Amino acid sequence: RIVRSYGYPHAAPIKTFPCDPGERVLSRTVAAEMRDYLRSVVLVGTGKNAAIPGYTTAGKTGTASKVKGGTYSGYVASFIGMAPATNPRVIIAVVVDEPHNGYHGSQAAAPTWGRIAADLMDYLKVPPDATATTAGPKDRKATDSGPVGD
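In this report, the structure presented in the accompanying data block is examined. (Residues numbered from 1 in each chain as written. Predicted model: local features only at pLDDT ≥ 70, side-chain atom pairs only at ≥ 80, totals over all residues. Heavy atoms only, no water.)

## Comments concerning the overall build of the protein
Within the protein one finds 3 helices and 5 strands. Ordered by position from N to C terminus, the α and β elements of the protein give β-β-α-β-β-β-α-α. Burial analysis of the protein (150 residues in total) assigns 29% to the buried set. Long-range contacts, defined as pairs at least 24 residues apart, comprise 51% of the intrachain contacts of the protein with a sequence gap of at least 6. As displayed, the protein offers around 9900 Å² of accessible surface, 56% of which is attributable to carbon and sulfur atoms. (Helix = DSSP H or I, 4+ residues; strand = E, 2+ residues; numbered from the N terminus. Buried < 20%, exposed > 50% of the residue type's maximum accessible area, 1.4 Å probe, protein only. Contact = heavy atoms within 4.5 Å. Areas by Shrake-Rupley, 256 points an atom, 1.4 Å probe, with all protein chains shown as cover.)

And the structure:
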């Protein structure tokens, strides 16, 4: 299930979609280990631009070459992550086709992901993590312009 429900803010949902939790495909131990790996991508790896002050974040950058007419031409950059990493409330994917501000996921997608996630934490009134590092700009909102971290 991708959507739980839809409706207007501060009102009862117009429609709710049932969810069968299904079966666990990863043990809790493996899931925690994967989350730690994805957390390290933001702390010390290519996902630093996805950090949100006051929250733990975890995710993975991606960079792919595109094939056009049998030859490589152009790129797709991505960052897919979760916030807060300690108890995820959102999972967001940002995919940029033919980016213009650098072609790596760390440059083209992670900063946008960070702004979207920061705004969602505020909108959803998610309290900050007690253990979060505050790498990155002080105020990151989707309405900010320019590269993040400069």
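## Brief notes about the packing of aromatic side chains
Applying the stated criterion across every chain yields a total of 3 aromatic pairs. Ring centres of F79 and W113 lie 5.1 Å apart, and the angle between their planes is 65°; on these two criteria the pair is classed as edge-to-face. Here W113 lies in helix α3 (residues 110-123) and F79 lies in strand β4 (residues 71-83), a separation of 34 residues in the sequence. An identical accessibility class is assigned to F79 and W113; each is buried. (Phe/Tyr/Trp six-rings, centres within 6.5 Å; stacked < 30°, edge-to-face > 60°.)

## Description of a nonpolar patch on the surface
Together, I2, V3, Y6, Y8 and I14 make up a nonpolar patch on the protein surface, roughly 620 Å² of accessible area in all. For V3, the location among the structural elements is in the segment before β1 (5-6). Exposure remark for V3: the relative accessible area of 41% places this residue in the partly exposed category. (Patch = residues over 30% accessible without salt bridge, like charges linked within 9 Å, V, L, I, M, F, W, Y side chains within 5 Å. Salt bridge = Lys/Arg side-chain N within 4 Å of Asp/Glu carboxyl O.)

## Examining the nonpolar core
The biggest cluster of nonpolar side chains holds 17 residues, and the ones touching the most others in it are I52, F79, A83, I92, W113 and M121. For this core, the secondary structure elements donating two or more residues are β4, β5 (90-97) and α3. Sort the elements by how many residues they give to this core and α3 lands first, with 5 residues. (Core = buried A, V, L, I, M, F, W, Y, C linked by side-chain atoms within 4.5 Å.)

Structural measurements only, silent on function.
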